[in-house]
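The chain contents come next:
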Amino acid sequence: MFGLNLFKSNIADLLPAVRGKYAYDVSLAKYTWFGVGGPAEVLFSPKDAEDLSHFLKNKPHNLPTCIIGGGSNLLVRDGGIPGVVIKLDSTAFRKISLGDNTITCGAGVKNAELKKVMLDNQIGGLEFLCSIPGVIGGSVKTNAGCFGSSVKDVIKEAQIINGLGDIKTVPVDDLMLSYRSSFFPDDWIILSITFRTTKDSAENIKKKLEEQKAYRMKNQPYNQKTAGSTFKNPEGLKAWELIKRSGCADLQIGGAKVSEKHCNFLINTGKATAADIETLGETIIKKVREKTSVTLEWEVKRMGINK
Ligand SMILES: Cc1cc2nc3c(=O)[nH]c(=O)nc-3n(C[C@H](O)[C@H](O)[C@H](O)COP(=O)(O)OP(=O)(O)OC[C@H]3O[C@@H](n4cnc5c(N)ncnc54)[C@H](O)[C@@H]3O)c2cc1C
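From a predicted model like this one, the values you see are computed outputs, not experimental measurements.

About the cut-offs
Every chain's residues receive numbers from 1 upward, in the order its sequence appears when written. Where local features are concerned, this predicted model is filtered to residues with pLDDT of at least 70; where side-chain atom pairs are given and counted, the filter is 80 or more; whole-chain, interface and lining totals use all residues. Hydrogens and waters are ignored; side-chain quantities use all the structure's heavy atoms. By definition, any uninterrupted DSSP run of H or I lasting at least four residues is a helix, any uninterrupted run of E lasting at least two residues is a strand, and each is numbered from the N terminus. Only C-alpha atoms enter the radius of gyration; for comparison, a globular chain is expected to reach 2.2 Å times N to the power 0.38, where N is the number of residues. Relative accessibility decides the category of a residue: with a 1.4 Å probe and only protein chains considered, values under 20% of the type maximum give buried, values over 50% give exposed, and everything between is partly exposed. In this analysis, two residues are considered to be in contact whenever any of their non-hydrogen atoms come within 4.5 Å of each other. For this count, His and the chain ends are skipped, Lys and Arg are scored as positive, and Asp and Glu as negative. Throughout, a charge is located at the NZ atom of Lys, the CZ atom of Arg, the CG atom of Asp or the CD atom of Glu. The cutoff for a nearby residue is simple: one of its non-hydrogen atoms must lie within 4 Å of the molecule or strand. In protein, a polar contact means a hydrogen-donor-capable atom and an acceptor-capable atom, both N or O and within 3.5 Å, with residues adjacent in sequence counting only if both atoms are side-chain atoms; elsewhere, any N or O pair within 3.5 Å suffices. Accessible surface area values rest on a Shrake-Rupley calculation with a 1.4 Å probe, where residue burial reflects the displayed protein chains alone. In this classification, Asp, Glu, Lys and Arg are treated as charged, Ala, Val, Leu, Ile, Met, Phe, Trp, Tyr, Cys and Pro as nonpolar, and every other residue, Gly included, as polar. Pairing of aromatic rings covers Phe, Tyr and Trp, the last through its six-membered ring, and needs centres within 6.5 Å; plane angles under 30 degrees mean stacked, over 60 mean edge-to-face, and all others mean tilted. This arc is taken over the directions from the axis of the helix to the C-beta atoms. Only strands joined by at least two bridges in the DSSP assignment are considered to pair. Angles here are taken between N-to-C directions and fall from 0 to 180 degrees, while the axes themselves are lines fitted to C-alpha atoms, restricted in helices to the stretch in contact. Residues enter a nonpolar core if they are buried and are Ala, Val, Leu, Ile, Met, Phe, Trp, Tyr or Cys, with the set joined through side-chain atoms within 4.5 Å.

**Student:** Explain the overall build of the protein to me, using residue names and the numbers behind them.
**Tutor:** Looking only at helices and strands, one finds 8 helices and 20 strands in the protein. Against the compact-globule benchmark of 19 Å for 307 residues, the protein has a radius of gyration of 20 Å, which places it among compact chains. Each principal axis of the C-alpha atoms in the protein carries an extent, and together these give about 55 × 50 × 30 Å. By residue count, 51% of the 307 residues in the protein fall in the buried class. Across the protein, the fraction of contacts at a sequence separation of at least 24, relative to all contacts at a separation of at least 6, is 65%. The average position of the 42 basic charges and that of the 33 acidic charges among the side chains of the protein differ by 4 Å.

Following this line, the structure appears as structure tokens:
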């Protein structure tokens, strides 16, 4: 059994030697946009894909592992995450290269970093992605989208590594992306993505980026501790309308509250625990179900254990 009560030396002795870094008992609050969450028993930053492959091939069979990206869609529970949390933040995962109407990005590239590349090279088609917080790997897993486009629409292929440490290139259909979801195997980790791009003028690209930024500033909480939309929109309905109609727009539990600007966003006002945020979300689900008979589904990914 792996658990947070394992002594650091015990788990350290079980981990294969790697070229990247292991860190122990690392608070994940600083790695999530909500700013809450307990520690990762081990946080592993592989040096490159081969190092990650070596780790997966040589780790103990029953050692739990999971992957986090930019933490902008995550609610890590207060008891933290047992086992090894992988984060692809070393240089090898942050490379960008241009092809013939394509761009290939490492999983650790921040979506916002694409702005400069697009403007400098007059590449269009990915403007929507630039305005979404997080990194490429997490945005593929969640099939992130806005302004009428999602990642699924622009991917050509992906490089992935499976739980056995085998690296392969797969076409977009194998990722089985749908509305804010993906159904590829749980043990797949995205290493890099090749997107299809179009030629466009820097002027057009800049205009789209500015319009999208202005829309977000006007309609969504800005500079706040949040993970974006909390619930998926049920087919043909808007989660925020259901929340409002069910009298949940002013709800607050502990340090967690519903955003005044957009009631599908939950906010950590400063002193929230993950339990406050999760309880607030569950309370909203219950009230919306009682009032409308619709059951909202979490869009935010919840990970880890309660304290
Ligand atoms: C202010 C704000 C606005 C937002 N607006 C939008 C929006 O308009 N549209 C939208 O879709 N989302 C939005 N989001 C949510 C979030 O930004 C996106 O879901 C984002 O793409 C998540 O990326 P991330 O790197 O932060 O992933 P994380 O939050 O770190 O992880 C999300 C999921 O991806 C998995 N994952 C991470 N990396 C990998 C990898 N390499 N391989 C496999 N799985 C991986 C994690 O295990 C987890 O299940 C918003 C969030 C905030 C805070």
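**Student:** Explain the site of the ligand residue by residue, including any values.
**Tutor:** By nearness alone, 33 residues border the ligand, and Ile67, Gly70, Ser72, Ser139 and Gly145 come closest of all. A distance of 2.6 Å separates an oxygen atom of the ligand from a polar atom in the backbone of isoleucine 67. Take glycine 70: an N or O atom from its main chain is 2.7 Å from an oxygen atom of the ligand. Taken by itself the ligand offers 990 Å² of open surface, and the protein chains cover 94% of this. Every element with two or more residues in the shell around the ligand is listed here: strand S3 (65-68), helix H5 (136-141), strand S9 (145-146), strand S15 (189-196) and strand S20 (301-303). If you tally residues by element for the shell around the ligand, the top one is H5, at 4 residues. Within the shell around the ligand, the residues separate by chemical class into 16 nonpolar, 13 polar and 4 charged.

**Student:** Residue-level account of the packing of aromatic side chains, with values.
**Tutor:** According to the stated counting rule, one finds 6 aromatic pairs in the structure shown. Between phenylalanine 231 and tryptophan 298, the aromatic rings sit 5.3 Å apart at their centres with planes inclined by 55°, giving tilted as the arrangement. Separated by 67 residues along the polypeptide, phenylalanine 231 in the loop between helix H6 (202-219) and helix H7 (239-245) and tryptophan 298 in the loop between helix H8 (274-292) and S20 bring together distant segments of the chain. Assigned by exposure class, phenylalanine 231 and tryptophan 298 land together as buried. In textbook terms, an aromatic cluster arises when at least three aromatic residues are bridged by ring pairs, as seen for Tyr22, Phe44 and Phe55.

**Student:** Account for helix H3 (residues 114-121), with residues named and values stated.
**Tutor:** Where H3 is concerned, the buried positions are Leu114, Val117 and Met118. Seen along its axis, H3 keeps its buried residues to an arc of 95°; they face one direction. The exposed residues of H3 that point more than 90 degrees off its buried face are Lys116 and Asp120. Check the buried side of H3 and you find it contacts strand S6 (96-98), strand S7 (102-106), strand S8 (123-124), helix H4 (127-130), H5 and H6. Positive phi shows up at glutamine 122, right after H3, with a value of about 55°.

**Student:** Before we move on, can you summarise the sheet that holds strand S12 (residues 167-171) with the specific residues and values?
**Tutor:** Taken in spatial order, the 5 strands make up an open sheet running S6-S7-S15-S11-S12, and their pairing is antiparallel. Two strands lie at the open edges of the sheet, namely S6 and S12, each paired on one side alone. Neighbour to neighbour, the strand axes of the sheet diverge by 20° on average, direction disregarded. Of the pairings in the sheet, the one linking strand S11 (residues 155-161) to S12 comprises 5 bridges and is antiparallel in character.

**Student:** Any chance you could break down the sheet that holds strand S17 (residues 252-253) for me, citing the residues and the numbers?
**Tutor:** A sheet is described by the order of its strands in space; here 3 strands give the open sequence S17-S18-S19, paired in antiparallel fashion. The two strands at the open ends of the sheet, each matched to only one other strand, are S17 and strand S19 (266-268). Of the strand pairs in this sheet, S17 and strand S18 (residues 256-258) are connected by 2 bridges, and their pairing is antiparallel. Of the residues in S18, the one forming a bridge with glutamine 252 is lysine 257. Against the sheet, H8 makes contact with S17, S18 and S19, and its axis sits at roughly 35° relative to S18, the strand it touches most.

**Student:** Residues and numbers for the nonpolar core, please.
**Tutor:** The biggest cluster of nonpolar side chains holds 30 residues, and the ones touching the most others in it are Leu114, Ile136, Leu175 and Phe195. Contributing elements (two or more residues each) for this core: S7, H3, H4, H5, S11, S15 and H6. When near neighbours in sequence (up to four residues on either side) are disregarded, leucine 114 contacts Ile96, Ile103, Cys105, Leu126, Leu129, Cys130 and Ile136. One finds Val36, Ala256, Val258 and Ala272 within the second-largest nonpolar core, a separate group that totals 25 residues.

**Student:** An account of the side chain of threonine 102 is needed here, citing residue identities and associated values.
**Tutor:** By secondary structure assignment, the location of threonine 102 is in strand S7. The contact partners of threonine 102, leaving out residues within four places of it in the chain, are Ser97, Lys156, Thr194, Phe195 and Thr197.

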